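Notes for the structure review
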Amino acid sequence: MVAILGAAMTKFDRRKDGSSFRDWAFEAFELALDRSQIDRSDIDFLIVASESDFFTLQLNPSSILSSDLGLGNTPSVRVEGGGASGQLAVHAGVNAVLSRQARHIAVVGVDPSASQLSGDTIRSLYGYSFDAWTDGMTGATSTVLYALSAQVFMERHRIDESHLNQITIQNRSNAMANSFAHLGRKHSVSEIVGSPVIASPYRRLHCSPLSDGAAAIILSAEDAVPNRRRSAPRIVGVGAANDNPRLGNREDQGHFGAKTKAMKKACSMADIAPKDIGLAEVYDAFAGAQSQALFALGLSHEIRRETADGRFSPSGELPVNLSGGLLVQGAPVGATGVAQVVNCALFLEGRNASKLQPSTPPSHALADTHGGVCTNSAITILAQPDAA
Amino acid sequence: MIKKDLTLEYTLSPGWMQPWVDGLLKGVAIARNCQSCGHKSFAPQRVCSCGCVEGSWASLSGLATIVRQTKGADGHFAVARFEGADNEVVVRLEGFGPSDAKGILKVPPGAVPQIILSPLESNAE
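Analysis parameters
- Residues numbered from 1 in each chain as written.
- Chains lettered and ligands numbered in written order.
- Predicted model: local features only at pLDDT ≥ 70, side-chain atom pairs only at ≥ 80, totals over all residues.
- Heavy atoms only, no water.
- Pairing = 2+ DSSP bridges.
- Helix = DSSP H or I, 4+ residues; strand = E, 2+ residues; numbered from the N terminus.
- Disulfide = S-S within 2.5 Å.
- Contact = heavy atoms within 4.5 Å.
- Buried area = accessible area lost by both parts, 1.4 Å probe.
- Salt bridge = Lys/Arg side-chain N within 4 Å of Asp/Glu carboxyl O.
- Polar contact = N/O pair within 3.5 Å; in protein donor to acceptor, adjacent residues only side chain to side chain.
- Nonpolar A, V, L, I, M, F, W, Y, C, P; charged D, E, K, R; others polar.
- Axes fitted to C-alpha atoms, helices over the stretch in contact; angles between N-to-C directions.
- Parallel < 35°, antiparallel > 145°, perpendicular 65-115°, else oblique.
- Left-handed = near helix turned anticlockwise from the far one by under 90°.
- Patch = residues over 30% accessible without salt bridge, like charges linked within 9 Å, V, L, I, M, F, W, Y side chains within 5 Å.
- Areas by Shrake-Rupley, 256 points an atom, 1.4 Å probe, with all protein chains shown as cover.
- Buried < 20%, exposed > 50% of the residue type's maximum accessible area, 1.4 Å probe, protein only.
- Phe/Tyr/Trp six-rings, centres within 6.5 Å; stacked < 30°, edge-to-face > 60°.
- pLDDT = per-residue confidence, 0-100.

1. Some points on the sheet that holds strand β7 (residues 212-221) of chain A
Read from one edge to the other, the open sheet built from 9 strands follows the order β3-β2-β4-β7-β1-β8-β11-β10-β9 (chain A), with strand pairing classed as mixed. This sheet does not close on itself; its edge strands, each paired only once, are β3 (76-79) and β9 (280-281) of chain A.

2. Focus: the state of the cysteines
In the structure shown here, the tally under the stated rule is 0 disulfides over all chains. The structure places no disulfide on C207 of chain A, whose sulfur is separated from the nearest cysteine sulfur, that of C374 of chain A, by 18 Å.

3. A closer look at the interface of chain A and chain B
Counting from both sides, the interface comprises 28 residues of chain A and, opposite them, 33 residues of chain B. Summed over the three residues of chain A that lose the most area to chain B, namely W133, M137 and T138 of chain A, the buried surface amounts to 28% of that side. Our count for the contact surface shared by chain A and chain B stands at 0 salt bridges. Where chain A meets chain B, there are 16 residue pairs in polar contact (both at pLDDT 80 or more). Looking at the side of chain A that touches chain B, the elements with two or more residues in it are α6 (132-138), α7 (142-156) and β5 (197-199) of chain A. The biggest single contributor to the side of chain A that touches chain B is α7 of chain A, with 7 residues. Here the residues of the side of chain A that touches chain B are counted per class, giving 14 nonpolar, 12 polar and 2 charged.

4. Details of the packing of α7 of chain A against helix α11 (residues 287-296) of chain A
Residue and element names in this part refer to chain A. The N-to-C vectors of α7 and α11 enclose an angle of 55°; their axes lie 10 Å apart at closest approach. What the angle tells us is that α7 and α11 run oblique. Here α7 runs over α11; the crossing is left-handed. Contacts between α7 and α11 involve Y146, S149, A150 and F153 from the first element and A289, S291, Q292 and F295 from the second.

5. Section: a nonpolar patch on the surface
A grouping of F54 and L57 of chain A together with L6, L8, Y10 and L12 of chain B is seen on the molecular surface, where their side chains present a nonpolar patch of about 610 Å² in accessible area. Following the sequence through the fold, Y10 of chain B ends up in the segment before α1 (18-25). Classification of Y10 of chain B as exposed rests on a relative accessible area of 56%.

6. A word on the packing of aromatic side chains
Residues and elements named next belong to chain A. Taken as a whole and assessed by the stated rule, the structure comprises 7 aromatic pairs over all chains. Arranged with centres 5.7 Å apart and planes meeting at 85°, the rings of F55 and Y126 form a pair that is edge-to-face. In this pair, F55 sits in helix α2 (residues 53-56) while Y126 sits in helix α5 (residues 119-126), placing the two residues 71 residues apart along the sequence. Judged by its relative accessible area of 2%, F55 is buried. Note on Y146 and F286: the rings are 4.6 Å apart at their centroids and 40° apart in plane angle, and the pair reads as tilted. In this pair, Y146 is assigned in helix α7 and F286 in the loop between β9 and α11, connecting sequence segments 140 residues apart. Since its relative accessible area comes to 6%, F286 is described here as buried.

7. Topic: the pattern of salt bridges
All names here are of chain A. If you walk through the whole model with that rule in mind, you get 25 salt bridges over all chains. Ionic pairing is found between E349 and R229, a salt bridge with its closest N-O pair at 2.7 Å. Of this pair, E349 sits in helix α14 (residues 333-349) while R229 sits in the loop between β7 and β8 (234-242); the two residues are 120 residues apart in sequence, bridging distant segments of the chain. Taking relative accessible area as the criterion, R229 reaches 3% and is therefore assigned buried. The partner of E317 in a salt bridge is R311, with the nearest N and O atoms 3.2 Å apart. For E317, a relative accessible area of 63% gives the class exposed. A single salt-bridge network, built from bridges that share partners, covers R100, R103 and D223.

8. A closer look at the confidence of the model for chain B
Chain-level pLDDT for chain B is 94 on average; 97% of the residues reach the 70-or-more range. Scored by ipTM, the complex comes to 0.96, with pTM at 0.97.

9. Some details on the sheet that holds strand β3 (residues 55-59) of chain B
Residues and elements named next belong to chain B. Spatially, β2-β1-β3 is the arrangement adopted by the 3 strands of the open sheet, whose pairing is antiparallel. Both edges of this open sheet fall to β2 (40-41) and β3, since each of them pairs with a single strand only. Bridge analysis of strand β1 (residues 30-34) against β2 gives 2 bridges, and the strand direction is antiparallel. Within the sheet, the bridge partner assigned to R32 lies in β2 and is S41.

Below you can see the structure in the form of structure tokens.
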């Protein structure tokens, strides 16, 4: 078990206020450190998640941030795993604690995915997140590849665009309660179906925005948790797995198989079953990807009916993406997975600033991230300290 | 604000994928044949799913069947299966109409290995 002593994030947004990714990392780290109730000098390892030097124009960002965060001679490392960078950085932190390499670890995820380069440039760079020499050179975008995968899933589960619209509307509604979310307004079905088709079946409003932002957590070894933070949520399970990066090489192009494998590992480590998860932040880069994730994670067996019945709504049996998810809270890549853990930790502790904070937090929460079209999956299971 | 213009000109060596890239640039589909199980992959897999690392290269006809497609602001793309290949691959479609179900590999513009299909009928013309 690893304790999350502190968790914080900046607002995700397209920042136009003159601040930089170095400021955002500092802001998230300082607040997480304050909530952790330990001293800066107690941090003995810094792990930075950032997907691409193209975004930051900063090679070796962990060393720069170590200096900016006032961590002196503390060792630092940067973790990259595409869209899963943040969650994999959390895993690296958990592994470092469990292997006794460090007692208190800061994990900081950050990326300027919106304001420093044009949207077209960012989208072009994302196109090289898959196999750059096949899909990338051919010009297939992230939306194209997700759309081709979603089509298989939608046909199999007999779901249509109305299902995508329902997820979009629900996540937008959730984000209205979250002051840290990038997009701040609801959209009607007519607005969604009136938005341009980017890659059928996906319209623009079925896609997550490009965002700037940072998120940070402070991890602690169990025997180094200060008494005043004994109530901190724990990480009780982590799991990761990969799939073939090329869609055409997969036997089942609609199934996020890596998630199923990663979930099995995480549940085994946590000694729980998927049914024990009471709240989930899942990787909804596109509306259909949320359903693909829930099915692959074993959190839904009848995705069409359960979505229509509101099982994943805030008042449902399994609230999903209370933050608004990537679709609405936003997706500054390196920060995304860390922010999912931040939201889960704060929800479990009953101190999430969202108006959707459950009055009785569940015993377990799940953060699910992936890179590529679920090429590399990373899952973290959190628990209340008494359930851990 | 700091304004920094950065232009990058990459010269990428294709390495083990050289035969495949050379073929694409000429509009020829070159598949990787697994020495152990005979699995033919286009795009090529360096290590076959059977675990074998040895393989050879062979030309395919360049004909491909569309499995599913997507169209929109990002362009017209599909998952396609090339004749003679045992796997599928994402391709860009150029000039395809609603009834076009087959295509043939096209010589890409420039020196960039792109997998582009033209409709079979127009190519025959």
